[in-house]
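Survey of secondary and tertiary structure
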Amino acid sequence: MAQRRKKVYEGKAKILYEGPEPGTLVQYFKDDATAGNGEKRDVIEGKGVLNNRLSEFFMNGLASIGVPTHFIRRLNMREQLIRMVEIIPLEVVVRNTAAGSISKRLGIPEGTALPRPIVEFYFKDDKLGDPLVSEEHIIAFGWASQQDMDDIVALALRVNDFMSGIMLGVGIKLVDFKIEIGRVWEGEFHRLIIADEISPDSCRLWDMKTGQKLDKDVFRRDLGSLTDAYTEVARRLGVLPSNVTHATKPTLIN
Ligand code: TMP
């Protein structure tokens with residue numbers, strides 16, 4: 001089915017196809033997992049299905065509290081219809097607890113609670129390894145305006161509050177996450193909306209009691225089955241029925 005459509009873009013974990021109407025795209029979730037800017041790669045059966053469903057769940061939740069997103073509707077197990085946006089070339093990261101690159105860069109032990117949520121920006125460029133940049137760089141190089149940056153920080157913090165609360169409710173700590181932001185044009189004005197995906201590929205999720213990692217670090221650090229970890233997140237959120245233990249053939253709940 002997907003093959004008949006025109007491919008617009010292929011990334012490491014997703015493919016974008018032309019959508020059925022102007023201004024729309026079909027986002028296809030692959031099973032491919034990569035880490036370290038593509039240095040480590042594997043195919044994790046069922047990952048795409050889980051991320052498609054989880055991203056739908058988070059995007060719908062955000063829409064319900066008035067945070068605009070690109071998500072229109074899920075089409076099938078691996079595909080969702082989304083609004084076409086102009087992607088701002090930034091990975092916007094929000095951190096609640098130190099882990100990953102901030103721990104390495106600043107020597108803060110993983111698991112240290114941060115005094116407040118910290119918003120960081122990385123310039124999206126695989127060749128450069130997505131370097132950390134400041135608002136100064138972003139505005140000076142014209143990747144976004146000062147107004148955009150104010151809106152992006154506000155959006156990122158709203159996503160953080162929403163996601164932290166949802167996760168807290170199912171016994172999971174939202175350590176950090178990454179979002180991408182898109183522009184949609186309305187005449188000469190634009191609005192900013194949440195784009196790309198929100199899934200355990202782009203978050204750090206730790207079980208509150210045991211500290212067990214339920215996110216892509218399981219793959220990055222060889223900690224066990226990534227599918228089992230993502231299935232556990234989906235099961236706790238009620239996205240998959242509780243009797244599904246393995247995600248190769250998930251049963252969808254409508
Ligand atoms: P980091 O600790 O490696 O900087 O990552 C912070 C969070 O953002 C972590 O949940 C992973 C996510 N992230 C991505 O999903 N893609 C990226 O390109 C980057 C830089 C981070």
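From a predicted model like this one, the values you see are computed outputs, not experimental measurements. (Residues numbered from 1 in each chain as written. Predicted model: local features only at pLDDT ≥ 70, side-chain atom pairs only at ≥ 80, totals over all residues. Heavy atoms only, no water.)

1. Description of the packing of helix α1 (residues 47-64) against helix α6 (residues 226-236)
Two elements in contact, α1 and α6, have axes whose closest approach is 10 Å; the angle formed by their N-to-C orientations is 25°. By the angle between their directions, the pair α1 and α6 is classed as roughly parallel. At the point where α1 passes α6, the crossing takes the left-handed sense. Listed contacts from α6 to Lys47, Leu50, Asn51 and Leu54 of α1 are Leu226, Thr227, Tyr230, Thr231, Val233 and Ala234. Residue classes in the contact of α1 with α6 are distributed as six nonpolar, three polar and one charged. (Axes fitted to C-alpha atoms, helices over the stretch in contact; angles between N-to-C directions. Helix = DSSP H or I, 4+ residues; strand = E, 2+ residues; numbered from the N terminus. Parallel < 35°, antiparallel > 145°, perpendicular 65-115°, else oblique. Left-handed = near helix turned anticlockwise from the far one by under 90°. Contact = heavy atoms within 4.5 Å. Nonpolar A, V, L, I, M, F, W, Y, C, P; charged D, E, K, R; others polar.)

2. Some points on the sheet that holds strand β3 (residues 24-29)
Across the sheet, five strands lie side by side as β1-β2-β3-β7-β6; this open sheet has antiparallel pairing. Bordering the open sheet on either side are β1 (7-10) and β6 (71-74), each of which pairs with just one other strand. Within this sheet the neighbouring strands show an average axis-to-axis angle of 25°, counted without direction. Where β1 meets strand β2 (residues 14-18), three bridges bridge the pair, whose relative direction is antiparallel. Bridging from a neighbouring strand, lysine 7 pairs with tyrosine 17 of β2. The strands touched by α1 are β3, β6 and β7 (79-83); relative to β6, the strand with the most contacts, the crossing angle is about 130°. (Pairing = 2+ DSSP bridges.)

3. What about unusual backbone geometry?
Comment: phi is negative for the bulk of residues other than glycine, and the bulk of peptide bonds are trans. For asparagine 37, which is not glycine, the phi torsion reads 55° and is therefore positive. Structurally, asparagine 37 can be placed in the loop between β4 (32-35) and β5 (40-43). By relative accessible area, which is 40% here, asparagine 37 ends up partly exposed. Even without glycine at this site, aspartate 130 takes up a positive phi of about 45°. Position of aspartate 130 relative to the elements: it lies in the loop between β10 (113-123) and β11 (132-133). Exposure remark for aspartate 130: the relative accessible area of 22% places this residue in the partly exposed category. (Buried < 20%, exposed > 50% of the residue type's maximum accessible area, 1.4 Å probe, protein only.)

4. Some thoughts on the packing of α1 against helix α4 (residues 146-168)
Here α1 crosses α4 at 120°, and the two axes come no closer than 11 Å. As the angle between them shows, α1 and α4 are arranged oblique. Here the hand of the crossing between α1 and α4 comes out right-handed. Along its contact with α1, which presents Phe57, Phe58, Gly61 and Leu62, the element α4 presents Val159, Phe162, Met163, Ile166 and Met167. Looking at side-chain class alone, the contact of α1 with α4 contains eight nonpolar, one polar and no charged residues.

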